[in-house]
Amino acid sequence: MSTSSSTSSASPTSTGPVPTKAERLARAARRGWTPPPRISIPDWADNVRVLAKEAGSTSGKYRTARVEIARGPMLAATEPGVRKITAMVATQLLKTTLIENLLGYHIHLDPCPILIVQPKDAAATQFSKERISPFIKATPKLRSLVGSSKTRSAGDTLDYKAFPGGFLGIVGAGSPDNLARRPVRLVLCDEVDKYLPLKEGKPLDIVEERQATFESNSLNVAVCSPTITGESNIDARYGQSDQRRASVACPECGHRQFPEFFRHVHWDRGKDGKTHRPETARVYCEACGTGWSEGQRLRALDTIRWHQTRPFECCGVRQEPLERYRAAVIAGEGDPLEAVWDWWSSPRHAVYRARCSECATWAVPNEHAGFQAGKLFSPWANDAPPKQAGKWLAAVDEDGKLTFYNTQLALTYRKYTSKQVEADSLLARRENWPAGIVPDGVALITAGIDTQDYRIEIEIVGWGRDEESWSIEHHVIDGEMSEPATQEALSEYLAQVWYRADGRPFEVKAACQDSGGHHTNAVYQFSLANLGRKIWAIKGKGSKTAARDPVWPTKRPSSRTKKTFQPIQIGVNAAKDDILLAYLPRAQHGPGYMHFNGDWDVGAFQQLTAEQLHVEGTGIFRIRKWVPVPGRANERLDCRVYALAALRGLMHLGTKLNREADRVGAIAADLAPDDVDPETPSEPETIVATLTRPPAVPQAPEPKPPATLAQPAPPAPGPKRSRPGCLSRRLA
């Protein structure tokens, strides 16, 4: 038996010379000065990352092509010029993958201070345990770098992980100290719609200031599924970006389209024509009309390309890339993509840049890259069109629709607003009648007066049968209401006489003036001096219960209240219900229809539609109230509310609107909008003509499906409106 103590294979001896200390230092210096390889984040993930079994449904080597829609946002991180990335996407699509791959790439190849921000501290701890730790443990390159020092407990904790060249902090957005105490180069903000405002400001703004010292190579990333229209942080941030959207090529004809559920997904109905068969749902090509099988849809996802779609103004022309693409497709001349975008790509970035049609320059900056994508881009079987169709049909109430829009379509949604009208859609309704002339359908005139600090805005409104209305003039008087000259100018304006085309005169029968703000006493004194002219000082009364206060109060004044002057408290929420929900959506001339002259521009309509219906509380404590859209003025809406209140005040005093219309010979003129020719179709009768811009509000449009296919049901109608007959009998 041999007892040789020869060297074991487990401890081999080196046959080469042992490097000296100087050689080791030189080698380390060369490694330190060697720049990281110039590869993209998708390439890094494909070559290095390993999926952790405990962190998802799959494990093993990571492949970007498995979820191709994630490639674009990852490429944006190495795109020249990009400093911000916003991903407003559906749930379980790419958000966490984007954060993990950005983190792994920078730890391995481009180390720096990194901060991950979750909504709360508990969420940060959970994210660290369930996602970050398994991700690092499963990837050998990262496992050898993170917390590898002897003081492992200090360098690898739940909320702090050290690595050569940087660190990772994982914090909650609820504490300003978490966000402001350290400078960082890479910020990764997750679930930003759940961030609560702080006394110091918005968490997104606070954490952005931590990157001030990294001028040229910082990156700020925010990801989330959207929530409520007007309240969503991720939607507001996406609106500030270059608004990239993804297109796919049709497997049959090669046409590129931007898939949308309500436009491109259709399914069959049963023999009774009413029963839906969501299991037959498919994506249809808008050019050739082919319905894609699930295999074709998955092949189409391999052709995903991202396009800048933000509208811009260049060379004095406002341009919308998606509208230009639509027009180019309809025209059928050349390549429609080349008419709108330039393909800009390298191994580290790829995007279609929007080009000005006049000077051919790239007109949309790429400093802030924004991405929006719904579940039509998901490769998972549970997100196939039949599954999505079934979820839509199951969304029978407003809460269900909110969930569907947010999680499936990656769009915002506001409940109980199915009848609200957007400002842009009202431009085509403008009519032409001579300035200062009372239209033939007017029975009487009222005025709505909005008192601002340094000006007074007045709308003169003509009212016809069944409260059909005409906006005759909007006038602004500069000056403070407390100044005698301003009051005199207002009195003279309200005293002028308006004339119909046949010469019949009209005077302002009544006016309501807002007494809120800083000129309350001046409004009171002006109203007291003009009570005989029915110029009433009013004050808006909000709803504190589910019941609506009437537009004009019905309670008679008591002997005590008669002794002192008090403004009339009007039900502003009820007035806005009538204007924004009952009257403004009406498309046919007649009862309640609102006519606008050609001097109304998009800014005026934005003021008229500057408030949205908001529901607070639950059950019997639910209150519906109108709230302003942030950043939008609402003077036009206030003026119309006050003009309607003046009309209701006249009716309270005994005026019969329809009888007054008969007395003055009011005849409703059927004026067609200027820009609409009823004998000319608005679009060519082709399938390509169904290309339209994506909906600006979260409401289901009415798609034009192929012959025998059922279209998705639109959202349920809003609050029930009075029948024209009932309204007529009440006013007669």
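The structure this text deals with has already been given above.
Along each chain, residue indices are assigned from 1 in the same order as the chain's sequence is written. Local features in this predicted model are restricted to residues of pLDDT 70 or higher, and side-chain atom pairs are both shown and tallied only at a pLDDT of 80 or more, whereas totals for entire chains, interfaces and linings draw on every residue. The side-chain figures draw on all heavy atoms in the structure; neither hydrogens nor water molecules are used.

A. The overall build of the protein chain, seen in detail. For helices the rule is a DSSP run of H or I covering at least 4 residues; for strands it is a run of E covering at least 2, with both sets numbered from the N terminus onward. Across its full length, the protein chain carries 24 helices and 31 strands. Taken over 732 residues, the protein chain has a buried fraction of 48%. Excluding contacts between residues fewer than 6 apart, the proportion of contacts in the protein chain whose partners are at least 24 apart in sequence is 71%. The protein chains shown are the only cover counted for residues, whose accessible areas, like all others here, come from Shrake-Rupley with a 1.4 Å probe. Of the roughly 35,100 Å² of accessible surface on the protein chain, 52% is carried by carbon and sulfur atoms. The classification of residues rests on relative accessible area computed with a 1.4 Å probe and restricted to protein chains. Under 20% of the type maximum is buried, over 50% is exposed, and intermediate values are partly exposed. In what follows, residue pairs with any heavy atoms lying within 4.5 Å of each other are defined as contacts.

B. Focus on the pairing of strand β11 (residues 265–269). For β11 and strand β12 (residues 276–283), the ladder comprises four bridges, and the chain directions are antiparallel. If you follow V265 over to β12, its bridge partner there is V283. Strand pairing is assigned whenever DSSP detects at least two bridges linking the two strands. Here β11 folds back onto β12 in antiparallel fashion, the turn holding six residues, of which G273 has a positive phi close to 75°.

C. Focus on the nonpolar core. We call a set of buried residues a nonpolar core when its members are Ala, Val, Leu, Ile, Met, Phe, Trp, Tyr or Cys and they connect through side-chain atoms within 4.5 Å of each other. One finds I69, L103, I114, I116 and L188 to be the most contacted residues of the largest nonpolar core, which totals 72 residues. A total of six residues in this core trace back to one element, the largest contributor, which is helix α4 (residues 95–108). Once you skip the residues sitting within four places of it in the chain, L103 turns out to touch I114, I116, I132, F135, L168 and L188.

D. Looking closely at the side chain of N634. Along the chain, the position of N634 falls in the loop between β30 (623–628) and α22 (635–652). For N634, a relative accessible area of 18% gives the class buried. With sequence-adjacent residues up to four places away left out, N634 is seen in contact with Q607, A610 and E611.

E. Examining the environment of I667 more closely. Along the chain, I667 falls in the loop between α23 (657–664) and β31 (709–710). Taking the C-alpha atoms as reference points, I667 and D440, separated by 227 residues in sequence, lie 5.3 Å from one another. Those residues within four positions of I667 in sequence are excluded, and the remaining contacts are D440 and G441.

F. Structural context of the sheet that holds strand β28 (residues 594–595). Overall, mixed pairing links the seven strands, which are arranged β27-β26-β25-β20-β21-β22-β28 in an open sheet. Sheet topology places β27 (568–571) and β28 at the edges, where each strand pairs with a single neighbour. Across nine bridges, the pairing between strand β21 (residues 455–463) and strand β22 (residues 469–478) is antiparallel. Bridging from a neighbouring strand, I458 pairs with H475 of β22. Of the strands in this sheet, β20 (444–451), β25 (508–514) and β26 (535–541) are in contact with helix α18 (residues 520–529), which crosses β26 at around 140°. As a rule, the C-alpha atoms of each element are fitted with a line to give its axis, helices using only the stretch in contact, and angles between N-to-C directions run from 0 to 180 degrees.

G. Representation of a positive patch on the surface. Only residues above 30% relative accessible area that lack a salt bridge enter a patch, with like-charged residues linked at up to 9 Å and the nonpolar side chains Val, Leu, Ile, Met, Phe, Trp and Tyr linked at up to 5 Å. Counted as salt bridges are all cases of a side-chain nitrogen of Lys or Arg within 4 Å of a carboxyl oxygen of Asp or Glu. In summary, the charge assignment counts Lys and Arg as positive and Asp and Glu as negative, without counting His or the chain termini. Charged side chains are reduced to one point each, which is NZ for Lys, CZ for Arg, CG for Asp and CD for Glu. On the surface, K21, R24, R27, R30 and R31 cluster together into a patch of positive charge. One can find R31 in helix α1 (residues 21–33).

H. Structural context of unusual backbone geometry. Phi is positive for Q92, close to 55°, though the residue is something other than glycine. For Q92, the location among the structural elements is in the loop between β3 (84–89) and α4.

I. Helix α15 (residues 385–394), seen in detail. Listed in full, the buried residues belonging to α15 are P385, Q388, A389 and W392. Angularly, the buried residues of α15 cover 100° about the axis, an arc narrow enough to put them on a single face. Looking at the buried residues of α15, the elements they touch are α11 (261–264), β11, β12, α12 (294–301) and α16 (398–409). The arc in question is formed by the directions pointing from the helix axis toward the C-beta atoms.

J. Representation of the layout of surface pockets within the structure. The definitions used throughout rest on a 1 Å grid laid over the protein atoms alone, on which a cavity is an enclosed set of points accommodating a 1.4 Å probe that cannot get out and a pocket is an open set flanked by protein within 12 Å on both sides along at least five of seven lines; lining residues are those having an atom within 4 Å of a point. Grid points are joined across faces, edges and corners, and a volume is the space filled by probe spheres set on the points. When its volume is computed, the second largest pocket comes out at roughly 1,200 Å³. Together, 42 residues line the second largest pocket, and Q92, L93, T96, T97 and R131 are the ones closest to its centre. Every element with two or more residues in the lining of the second largest pocket is listed here: α4, α5 (121–138) and α16. Here the lining of the second largest pocket is composed, by residue class, of 15 nonpolar, 13 polar and 14 charged. We call Asp, Glu, Lys and Arg charged. Ala, Val, Leu, Ile, Met, Phe, Trp, Tyr, Cys and Pro are nonpolar, and the rest, Gly among them, are polar.

K. Structural detail: the packing of aromatic side chains. Only the six-membered ring of Trp is used, alongside the rings of Phe and Tyr, when aromatic pairs are assigned; centres must lie within 6.5 Å, and planes under 30 degrees apart are stacked while those over 60 apart are edge-to-face, with the rest tilted. The full count for this structure, using the stated rule, is 22 aromatic pairs. Between F258 and Y325 the ring centres are 5.9 Å apart and the planes differ by 85°, which places this aromatic pair in the edge-to-face class. On the criterion of sequence distance, the pair formed by F258 in the loop between β10 (256–257) and α11 and Y325 in helix α13 (residues 321–331) is long-range, its members being 67 residues apart. Among the residues examined, Y325 registers a relative accessible area of 3% and is labelled buried.

L. Expanded view of the pairing of β25. Within β25, six of the seven residues are buried, which leaves it mostly tucked inside the rest of the structure. Pairing geometry for β20 and β25, over five bridges, is parallel. Each residue of the ladder has a partner; that of I445, found in β25, is V508. Pairing geometry for β25 and β26, over four bridges, is parallel. Looking at β26, one finds that A511 is bridged to I535. Handedness of the β25-α18-β26 crossover: right-handed. If the strands point away from the viewer and the path from the first strand over the helix to the second runs clockwise, then the crossover is right-handed.

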